[in-house]
Amino acid sequence: MRFRPGASGLALLAVSSLVLTACSAGSLGSSSDSSGGSVQITYLIGNQDQDLKNAQQLVKDFTAKNAGISIKIETRPAGTEGDNIVKTRLSTGDMPEVFNYNTGSLFQAIAPQKNLVSLSDQPYVGNLDDNFKNTVTADNQVYGVPVGGFMGGAVLYNIPIYKRLGLTPPKTWAEFMANSAKIKAAGIPPVIQTYGETWTAQLFVLGDFHNVAATEPDFADKYTKNQAKYATSPAALKGFEHTEAVHDAGYENKDFASAKLPDGLKMLATGKGAQYPILSGVVANMIATYPDAGKNVGLFALPGDDASKNGLTVWTPGANYIPKTATGAKLDAAKKFLAFIASPDGCKSQTTAGAPTGPYAVKGCALPADVPQAIKDMQPYLDKPGASSLALEFVSPVKGPSLSQITVEVGSGIRKAKDGAVRYDEDVKKQAQQLGLAGW
Amino acid sequence: MTTTSVKPQERSKAAPAASAAGSKVYRPYSNWFFLPSAIIYSVLFLVPTFASLYFSLTRWSLFDSKFVGLDNFKLFFQEPALVKGFTNTLIYAVVTSGSKVVLGLLLAVLLTSQIVARGYLRSVVFFPVLVSTIGVGLTFTVLMNPERGLINGALSVVGISGPGWLTDPKWALLSVAAVDVWKGVGLATLIYIAGIVSIPREYIEAARVDGASSWETFRRVVLPLSRPATVTVIILSLIGGLRSFDLIWAMTQGGPGFTSDVIASVIYKQYQAGFYGLSTAGNVVLFITVTAIVLPLSWFLNRKEVDM
């Protein structure tokens, strides 16, 4: 009997020490950071090679000018796994002082009003590109600064092959298929597809959005309001049909089902494949491995039906954000870091780190003279009014998570184009309901 | 966890009766003694179980939640991947479980006979069980690559052009199941070895004296008497097959497209997409399904065992 209180005390001790250890890891970490005169902040980025190089260069150039601040880089996986990490860390208050994340629909999904520090009062906001600013704005507050340049969702092509066969970059889908037929006749796989990495399968659909918007200007609005659908809009359905057509014509490389992005880039750079629908963001990586690709690989927008309306679908760069959990000296340091990134010096630093993916979203930032041919090819589209549009994910919060698998099925001949579009429409419904949009 | 906590509860229920009878002999521990495990059990198991039942009725994000009634279940059952996922799960569970029973039994018979290097062979068969599932999955993904993989390379030497093991929709699920069998058959073999070794030698000797051939000995003595082992192997591998996820995710991520999706990977993808309420509902459905299959099966198999 005498042991009873003792035993309960022991049990309580055991349980509470469990609870305590769970907490201490986090609090210990942050308390040791602020010891000493200088401030240390952490910067969370995606774990892609180019992202890391870019971040290291930015941190190096920034800390060289700001002696009192040191920045620790932390990486996270990209893709949906990364989405989960960002959401979890935000909701548990465990987010580093600065983190990099997507703009547009994914940005809206992390509840910016609740979780992020508004940057609208910062002097540099006026220098940000308006298109970009729209994609990091919620309730009239700007929350992010751009890292990297604009990207085009387009077809990268091997220039020597085109020259040898006497082809010109196509402006319509019919021309594209005619070119592909000639390339195939020359014994080269005309269209590179890499379904080993499923996101690369989506470009025929996502990169076609300029052509959709050119035919149906109000598609994005109606789409958000549940009035327009991929399966029922003839213009939007084209993307799925193109994915199917390329497979049915046998234009894909033989190992399309298992090849990955690096395989695709290798084929393109070495002339083992002719055309690769992909984001121009991969160009820097390709040139790092195959320096010749800088002049041998060009770019054209995904062709539609009407040559006069043909244009480029553009992705805005990812952005850096500050979570509300950053306070005091760390918040000031984080704001200084963002201000540096949003200045011409920041762009210069990023250009040092690797070939830019496209024009910067900060006014006063110029591209260097020796940009790769593929990036140069984007400029005419951007300069000509009406020849470029933001991708659908930046003008509508509705984006389904399964598009990559659906396009893999359509592009592998497992599912028909129309069927795939219907399935994607069902997929986005869940997303719209989760976001609580009106009309769904 | 369940069994350990059930026992104390039964005892504490029995305790008042015992004390009414005027004896405290049957109450060796005070109630305080059960507190730590009770707290751990309820915090880590009971609370989440009931919380997930509630959250399956809401549309929640990590930031807030909204009550939507049975909408999630409705949506989950409309999920086009679900039917495919369910059939795939059943195919996968039955194929892996069946192969493990057959192969496990054969290997166990072999490894309990008098062969050279028996101990070494036993450990070789068991070794894959110890290796990380993800590691196994990634290794076989490389081996099964249709163009550069070792398997198709070996097949082409003898003039067979192998299929895209993981990229052909017809083969993907079965390829993963085959790897699962390779990885899991060691455990089944181990259970069978234990079962066969525990059969008294007298039965086998008696059968031999009666003139039974090796086949008849196996058929009439070893097979029926290793029934408890068979039950264990079937139940374990069936449950394992029904909730299998890690190997499939490491090898195909449910692909190509959705052709090798199982329920667990459908649910996981919904979590990834941020449809937390929907996927919570999916987990409730998975829980009910596994219970509905395994409970009657275990009852049926164990009853047979008693009859025998």
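Counting of residues starts from 1 at the beginning of each chain's written sequence and follows it residue by residue. Think of it this way: whatever chain is written first is A, whatever ligand is written first is 1, and the rest follow in order. It should be noted that, the model being predicted, local features are given only for residues of pLDDT at least 70 and side-chain atom pairs only at 80 or more, the latter also being counted only at that level, while totals for whole chains, interfaces and linings use all residues.

The name given to chain B in an unreviewed UniProt entry is Carbohydrate ABC transporter membrane protein 1 (CUT1 family), with Kribbella kalugense as the source organism. Under the heading Subcellular location (unreviewed entry), UniProt records this for chain B: "Cell membrane". UniProt positions are given in the numbering used here, feature names are shortened, and annotations may be inferred rather than shown by experiment. Taken directly from UniProt, the Sequence similarities (unreviewed entry) text for chain B runs: "Belongs to the binding-protein-dependent transport system permease family."

If you look chain A up in an unreviewed UniProt entry, it shows as Carbohydrate ABC transporter substrate-binding protein (CUT1 family) from Kribbella kalugense.

Draft legend 1. The arrangement of unusual backbone geometry in detail. At Ala111(A), a residue that is not glycine, the phi angle is positive and equals roughly 50°. Counting from the N terminus, the helices are DSSP H or I runs at least four residues long and the strands are E runs at least two residues long. Inspection of the secondary structure assignment puts Ala111(A) in the loop between helix 4 (105-108) and helix 5 (112-115). Positive phi values are uncommon outside glycine, yet Gln253(B) reaches one of about 55°. Take Gln253(B): it is sitting in the loop between helix 12 (246-251) and helix 13 (263-273). Gln253(B) gets classed as partly exposed once you count the C-beta atoms within 10 Å, which come to 15. A residue is called partly exposed when the number of other C-beta atoms within 10 Å of its own lies between 12 and 20, exposed at 12 or fewer, and buried at 20 or more, with C-beta atoms placed from the backbone.

Draft legend 2. Summary view of the pairing of strand 7 (residues 151-158) of chain A. Residues and elements named next belong to chain A. In terms of burial, strand 7 is largely enclosed, as eight of its eight residues are buried. Relative to strand 10 (residues 312-315), strand 7 runs antiparallel, the two being bridged by three bridges. In the sheet register, glycine 153 faces strand 10, and the bridge partner there is threonine 313. Two strands form a pair only when DSSP identifies at least two bridges running between them. One ladder, built from five bridges, connects strand 7 with strand 9 (residues 297-301); its direction is antiparallel. Looking across to strand 9, one finds that tyrosine 157 is bridged to glycine 298.

Draft legend 3. Molecular detail of the interface of chain B and chain A. The contact rule is simple: place each C-beta atom from the backbone, and if two of them lie within 7 Å, those residues are in contact. Contact with chain B, which involves 29 residues of that partner, is made by 33 residues of chain A. Listing elements by their share of the side of chain B that touches chain A, those giving two or more residues are helix 2 (35-55) and helix 13 of chain B.

Draft legend 4. Region of interest: the packing of helix 8 (residues 172-197) of chain B against helix 11 (residues 227-242) of chain B. Residues and elements named next belong to chain B. Interaxial angles span 0 to 180 degrees and are taken between N-to-C directions of axes, which are lines fitted to C-alpha atoms, for helices over the stretch in contact. Axis separation between helix 8 and helix 11 bottoms out at 9 Å; the angle between their running directions is 160°. By the angle between their directions, the pair helix 8 and helix 11 is classed as roughly antiparallel. The element helix 8 and its partner helix 11 pack so that their crossing is right-handed. Along its contact with helix 8, which presents Gly184, Ala188, Ile191, Tyr192, Ala194 and Gly195, the element helix 11 presents Pro228, Ala229, Thr232, Val233, Ser237 and Gly240. Residues are sorted three ways: Asp, Glu, Lys and Arg are charged, Ala, Val, Leu, Ile, Met, Phe, Trp, Tyr, Cys and Pro are nonpolar, and all the rest, Gly among them, are polar. Split by residue class, the contact of helix 8 with helix 11 holds seven nonpolar, five polar and no charged. In this scheme, roughly parallel covers angles under 35 degrees and roughly antiparallel covers those over 145, while 65 to 115 is roughly perpendicular and the rest are oblique. By definition, turning the near helix anticlockwise from the far helix through less than a right angle yields a left-handed crossing, and turning it clockwise yields a right-handed one.

Draft legend 5. Broad picture of the domain arrangement of chain A. Residue and element names in this part refer to chain A. An automatic or database domain assignment supplies the residue ranges for each domain. Its domain assignment divides chain A into domain 1 (36-147 + 318-353) and domain 2 (151-315 + 376-435). With eleven residues of domain 1 at the contact, the number on the domain 2 side is eleven residues. Those elements that provide at least two residues to the side of domain 1 that touches domain 2 are helix 2 (49-65), helix 3 (79-91), helix 4 and helix 6 (130-135). Counted by class, the side of domain 1 that touches domain 2 contains one nonpolar, nine polar and one charged residues.

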